[in-house]
Amino acid sequence: MYLYGAGGHARVVRDILESQGLKVSGIYDDNLDVAKWMENEVSHELNTDDEIIVCIGKAENRKTVVERLQQLGMKFGTAIHQSAIVSPFAEIGEGSVLMAGTIVNSGSRIGRHCIINTGAVVEHECLTGDYVHISPHATLCGSLTIGEGSWIGAGAVVVQGVKVGKWSIIGAGSVVLKDIPDGVVAYGNPCKVIRRIEEAEINKYEKTH
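Since we're looking at a predicted model, the values are computed, not measured.

Visitor: Honestly, the nonpolar core in this entry has me stumped. Any pointers?
Guide: Ile134, Leu140, Ile152, Val158, Val164, Ile170 and Ile180 are the most contacted members of the largest nonpolar core, which has 27 residues in total. Each residue touching Leu140, except ones within four places of it in the same chain, is listed here: Val121, Val122, Glu123, Cys126, Thr128, Ile134, Ile146 and Val158. Core analysis: the second largest hydrophobic core is formed by 18 residues, Val34, Trp37, Val42 and Ala79 among them.

The following block contains the structure:
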């Protein structure tokens, strides 16, 4: 497996792969100032037939890189820690990462290039869009939807049947009792919308990459 992004997230993905008995065959970063990652030399030329996992935490950056790699015909792998509990009736999209202690229950569908972080729980029949990040020890209580690119903060709880829109941020420790619209920052118990996220803010990376 080849990793894209020589940062802290890649360290965790490496641990996950090794828990599966897999090895990192190479690491790429487009920052020319990054020459070494752990004991590995960092490549600045992407030339591999191996599957790739994009190890970038920020969702909009991850999406931009994935779309670029798709145009190059690259193939994507997944990384599921050996301690994760994943129902045989759940679906995990390509490029997604499930970290140690995660639970994904029956009927749930995780989108492409998502991060289900340490100890997070995705209960039955939850649907996440692509590029979603469920932070450590967050809980999705069942039969709910998280829209593309949204980030559920550490320890947050989203109750049954709720819909969180696309490209929204739910603050750590929040309790989400009702639907959250697209493109907002929301937090608290109960969770309330604090402000909108401007489109320019969402697309900042795409304009500068």
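What follows picks up the thread again.
Visitor: What exactly am I supposed to notice about the pattern of salt bridges here?
Guide: As a working rule, side chains carrying opposite charge can pair if their charged atoms are close by. Applying the stated criterion across every chain yields a total of seven salt bridges. The shortest N-O distance in the salt bridge between Lys58 and Glu60 comes to 3.6 Å. Relative accessible area serves as the criterion here: at 12%, Glu60 is assigned to the buried category. Between Glu148 and Lys63 there is a salt bridge whose closest N-O contact spans 3.2 Å. Of this pair, Glu148 sits in the loop between strand S17 (145-146) and strand S18 (151-152) while Lys63 is found in helix H2 (residues 59-71), placing the two residues 85 residues apart along the sequence. When its relative accessible area of 21% is taken as the criterion, Glu148 is described as partly exposed. For Lys63, a relative accessible area of 17% corresponds to the buried category. Through salt bridges with shared partners, a single ionic network connects Arg14, Glu18 and Glu39.

Visitor: What is the right way to look at the side chain of Ser174 in this model?
Guide: By the secondary structure assignment, Ser174 is in the loop between strand S21 (169-170) and strand S22 (175-176). Under the relative-accessibility criterion, Ser174 is labelled buried at 1%. Polar side-chain contacts of Ser174 include one of 3.0 Å to the backbone nitrogen of Gly188. For Ser174, the contacting residues outside a window of four places in its chain are Gly155, Ala156, Val157, Ala186, Tyr187, Gly188 and Cys191.

Visitor: Any chance you could explain the side chain of Ser87 here in plain terms?
Guide: In this fold, Ser87 is placed in the loop between strand S7 (85-86) and strand S8 (91-92). With a relative accessible area of 13%, Ser87 lands in the buried category.

Rules used throughout
Residues numbered from 1 in each chain as written. Predicted model: local features only at pLDDT ≥ 70, side-chain atom pairs only at ≥ 80, totals over all residues. Heavy atoms only, no water. Core = buried A, V, L, I, M, F, W, Y, C linked by side-chain atoms within 4.5 Å. Buried < 20%, exposed > 50% of the residue type's maximum accessible area, 1.4 Å probe, protein only. Contact = heavy atoms within 4.5 Å. Salt bridge = Lys/Arg side-chain N within 4 Å of Asp/Glu carboxyl O. Helix = DSSP H or I, 4+ residues; strand = E, 2+ residues; numbered from the N terminus. Polar contact = N/O pair within 3.5 Å; in protein donor to acceptor, adjacent residues only side chain to side chain.

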